[in-house]
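Coordinate inspection notes
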Amino acid sequence: MPTFPAALGLTSCQVEQVIRLAGMAPSLHNSQPWRFRIMPHLIELHADPKRRLPVADPEDRELRLACGAALFNLRLALTQAGVHPLVTLLPSLGSATALAEIRSGGHEHPRPGDVQLCEAIPRRHSHRQPFQNTPVSTEDRHELVRAVQEEHTWLHVVPPGQLGTLEGLVHRAHRVQMSDERYRAELAAWVGRGDDSSEGVPLSAAGPKPGLQDQWVNRDFTVGQTERAPGTKFESHPLLALLCSRTDDQEAELQSGQALQRLWLTATARGLAASVISQVLELPETRQEVHDLLGGHAAPQALLRIGHGTTTTAAPRREPAELLINGPAQG
Ligand SMILES: Cc1cc2nc3c(=O)[nH]c(=O)nc-3n(C[C@H](O)[C@H](O)[C@H](O)COP(=O)(O)O)c2cc1C
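All of the points below concern the structure found in this document. (Residues numbered from 1 in each chain as written. Predicted model: local features only at pLDDT ≥ 70, side-chain atom pairs only at ≥ 80, totals over all residues. Heavy atoms only, no water.)

Moving on: helix 6 (residues 181-188). Because the α-helix completes a turn every 3.6 residues, residues three or four places apart line up on one side. Taken as a whole, helix 6 has its buried residues at Tyr183, Glu186 and Leu187. For helix 6, the buried positions fall inside an angular range of 100° around the axis, keeping them on one side. Turned more than 90 degrees from where helix 6 packs its buried face, Glu181, Arg182 and Ala185 sit exposed. Against the buried residues of helix 6 lie helix 5 (160-178) and helix 8 (279-282). Sitting at the amino-terminal end of helix 6 is Asp180, which places a side-chain oxygen 2.8 Å from the backbone nitrogen of Arg182. (Buried < 20%, exposed > 50% of the residue type's maximum accessible area, 1.4 Å probe, protein only. Helix = DSSP H or I, 4+ residues; strand = E, 2+ residues; numbered from the N terminus. Arc of directions from axis to C-beta. Contact = heavy atoms within 4.5 Å. Polar contact = N/O pair within 3.5 Å; in protein donor to acceptor, adjacent residues only side chain to side chain.)

Put into structure tokens, the structure is as follows:
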């Protein structure tokens, strides 16, 4: 008896591959807060409440972004396998944890662009190291903006006149979070685990220990390390971009997660690297100030730093079989 049931006209092996690719999505602290229920005619995407991060993400906004990113991978992987995915977000008859239902809309040949994005899934990693000092080209920038629009959200490329204000807010959020014992304890539980861990951020992927001299201060995943390599200096002009939604509700968060992943895979396919800088959007007061910076018309969902990277290390993932819900979903 195979662990993976066949579904949507795909074989057990194909379904396993689809779930494996979905599980390669990014998530806060690599918490991988998703689960899947497979039925012959339907795949359900659920939030995993046991993987919530109640201090950094008390409203589960980033949890839904991560699940939206997993949903985008799932859509791509289904298309790659020849299935046109029909997605219902927040199904009204679903359980409390159900975030999306995916059915087959018939056979579909993948478009060349989708093939490239699907191939980029295993190559996409968070790049927390300094970038090279080569600016992102205008053409690349247009493609990134277009990728986000395709998912019904938009990208605000932060103009030079707003960088100073945003930088100050990023530093403030970092200081506030790092002075909160509960936040530090939650973070510590997800970093510096052994090589055999299949979740959390390993030291090898942590990037340099953040310094207050850094323009875009990173989240500190370097628990236990007190120094960084001498001479570490971040690039002077990364592309800073805010992914925004029109509304600020659960559906917009799932939509933004899909857009985040289309953006990040588009960047990867074009040879660019990215990291996410979220602390500023986790504190309600600094998120409000970013909202005001945008003129009050858009809900900021994710801040990305994009540029030309060097090498990155992959963060681990759980096996697809561990992501399955067998039987009715538990709340
Ligand atoms: C909603 C969300 C917020 C994130 N915030 C940060 C962040 O503030 N700093 C950071 O370095 N990475 C951040 N990440 C990236 C995750 O840490 C990363 O995706 C995870 O560790 C898995 O690693 P990978 O992206 O290399 O696959 C975020 C990812 C998501 C989806």
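Under the definition given, this model contains zero disulfides. Cys13 takes part in no disulfide bond, and the closest cysteine sulfur, belonging to Cys118, lies 16 Å away. With a relative accessible area of 59%, Cys13 lands in the exposed category. Left unpaired, Cys67 is separated from the closest cysteine sulfur, that of Cys118, by 19 Å. (Disulfide = S-S within 2.5 Å.)

Here the structure, examined in full by the defined rule, presents zero aromatic pairs. For the cation-ring pair, Arg124 lies above Trp264, with the distance from its terminal atom to the ring centre recorded as 4.4 Å. (Phe/Tyr/Trp six-rings, centres within 6.5 Å; stacked < 30°, edge-to-face > 60°. Lys NZ or Arg CZ within 6 Å of the ring centre and 35° of its normal.)

Let us look at unusual backbone geometry. Of note in this structure, His29 is not a glycine but carries a positive phi near 55°. You can see His29 is positioned in the loop between helix 1 (12-22) and strand 1 (34-39). Of note in the backbone geometry, His152 takes a positive phi value of approximately 65° without being a glycine.

This paragraph deals with helix 4 (residues 138-150). Between its first and last C-alpha, helix 4 extends 18 Å over 13 residues, near the 18 Å set by a 1.5 Å rise per residue. Among the residues of helix 4, Asp140, Leu144, Ala147 and Val148 are the ones counted as buried. In a view along the axis of helix 4, the buried residues occupy a sector of 95°, so they form one face of it. Counted as exposed and oriented over 90 degrees from the buried face of helix 4: Thr138, Glu139 and His142. The elements touched by buried residues of helix 4 are strand 5 (154-157), strand 6 (239-245), helix 7 (250-269) and strand 8 (299-307). Backbone geometry just downstream of helix 4 places His152 in the positive-phi region, at approximately 65°. (Expected span 1.5 Å × (residues − 1).)

Inspection of every chain in the model, using the stated rule, returns one cavity of 30 Å³ or more. The wall of the largest cavity is formed by Leu28, Ser31, Pro33, Arg51, Arg52, Leu53, Asp57, Glu62 and Leu63. Taken together, the residues that form the lining of the largest cavity break down as four nonpolar, one polar and four charged. (1 Å grid on protein atoms, 1.4 Å probe; cavity = no way out; pocket = protein on both sides within 12 Å on 5 of 7 lines; lining within 4 Å. Points joined across faces, edges and corners; volume = space filled by probe spheres on them. Nonpolar A, V, L, I, M, F, W, Y, C, P; charged D, E, K, R; others polar.)

Taken together, 19 residues lie around the ligand, and Arg124, Ser126, Arg128, Ser278 and Arg317 are the ones closest in. In the model, an oxygen atom of the ligand is placed 2.7 Å from a nitrogen or oxygen of the Arg124 side chain. Here a nitrogen atom of the ligand and a backbone polar atom of Val276 are 2.9 Å apart. Here the ligand has 620 Å² of accessible area as a free molecule, and 98% of this is covered by the chains. With respect to the detected pockets, the ligand is housed in the largest pocket. Residues of the shell around the ligand, tallied by class, amount to eight nonpolar, six polar and five charged. Residue-level mapping places the shell around the ligand at the junction of two domains, with at least three residues from each of domain 1 (12-123) and domain 2 (138-307). (Near = heavy atom within 4 Å. Areas by Shrake-Rupley, 256 points an atom, 1.4 Å probe, with all protein chains shown as cover. Sits in = over half its atoms within 2 Å of the grid points. Domains from an automatic or database assignment.)

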